[in-house]
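# Remarks on the overall topology
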Amino acid sequence: DEVAPGRRNKCSLCTKVMKKIKRLAGDDPDEEAVRAALKKGCRLLGRLLGKLCQKMVSKYQDQISQELQSGDSPQDICTAIGMCKA
């Protein structure tokens, strides 16, 4: 892939990350499960995407955690943190 990572569509990157994290966190995650999933999910994306994922996660961790615990969809979470347009 020759496209610089910063030029990629933030929304699709975010939803991809959230889908993976949501799957790792399980169906009814508590805060601990979400925290573990956030860490592991970014590592599974490889070095480049992992770094972008870490940045996003550290900036929005509390919000992402709350949204995942309330069962929001990856698209809704990414819209809530401003990565996707409503």
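Residues numbered from 1 in each chain as written. Predicted model: local features only at pLDDT ≥ 70, side-chain atom pairs only at ≥ 80, totals over all residues. Heavy atoms only, no water.

Under the annotation held in an unreviewed UniProt entry, the protein carries the name SAP protein and is attributed to Serilophus lunatus.

It is worth spelling out the overall build of the protein at this point. What the protein contains, in helices and strands, is four helices and zero strands. Expected size for 86 residues packed as a compact globule is a radius of gyration near 12 Å; at 12 Å, the protein falls within 12% of this value. Its C-alpha atoms put the protein at 40 × 30 × 20 Å along the principal axes. Of all 86 residues assigned to the protein, the portion counted as buried reaches 36%. Put simply, of all contacts in the protein between residues at least 6 apart along the chain, 57% involve residues at least 24 apart. (Helix = DSSP H or I, 4+ residues; strand = E, 2+ residues; numbered from the N terminus. Rg over C-alpha atoms; globule rule 2.2 N^0.38 Å. Buried < 20%, exposed > 50% of the residue type's maximum accessible area, 1.4 Å probe, protein only. Contact = heavy atoms within 4.5 Å.)

Let us now look at the pattern of salt bridges. Counted under the stated rule, the structure contains two salt bridges. Where Glu31 meets Arg35, a salt bridge forms, and the shortest distance between an N and an O atom there is 3.8 Å. With Glu31 and Arg35 both in helix α2 (residues 31–43), this residue pair falls four residues apart, about one helical turn. A residue is classified by how much of its surface remains accessible, and Glu31, at 46% relative accessible area, is partly exposed. (Salt bridge = Lys/Arg side-chain N within 4 Å of Asp/Glu carboxyl O.)

Glancing now at the environment of Ala80. Looking at where Ala80 falls in the secondary structure, it is placed in helix α4 (residues 74–80). With a relative accessible area of 35%, Ala80 lands in the partly exposed category. Here the alpha-carbon distance between Ala80 and Glu67, two residues 13 residues apart in the chain, equals 8.7 Å. Look past the residues within four positions of Ala80 in its chain and what remains in contact with it is Gln63 and Glu67.

All right, on to the nonpolar core then. With 24 residues, the main nonpolar core has Val17, Met18, Met56 and Ile64 as its most contacted residues. At the level of secondary structure, the elements contributing two or more residues to this core comprise α1 (10–25), α2, α3 (47–69) and α4. Leave out the neighbours within four places in its chain, and Ile64 touches Met18, Leu38, Met56, Val57, Ile77 and Ile81. (Core = buried A, V, L, I, M, F, W, Y, C linked by side-chain atoms within 4.5 Å.)

Turning next to the state of the cysteines. Following the criterion strictly, the structure yields three disulfides and no others. Shown here is the disulfide that connects Cys14 with Cys78, its sulfur atoms set 2.0 Å apart. Here the disulfide of Cys14 and Cys78 is left-handed, its torsion about the S-S bond being about -95°. Residue Cys14 is found in helix α1, and its partner Cys78 is found in helix α4; the two are separated by 64 residues along the sequence. The buried category is assigned to Cys14, whose relative accessible area is 0%. Taking only the cysteines that form disulfides and numbering them from first to last, the protein has the pattern 1-6, 2-5, 3-4. (Disulfide = S-S within 2.5 Å.)

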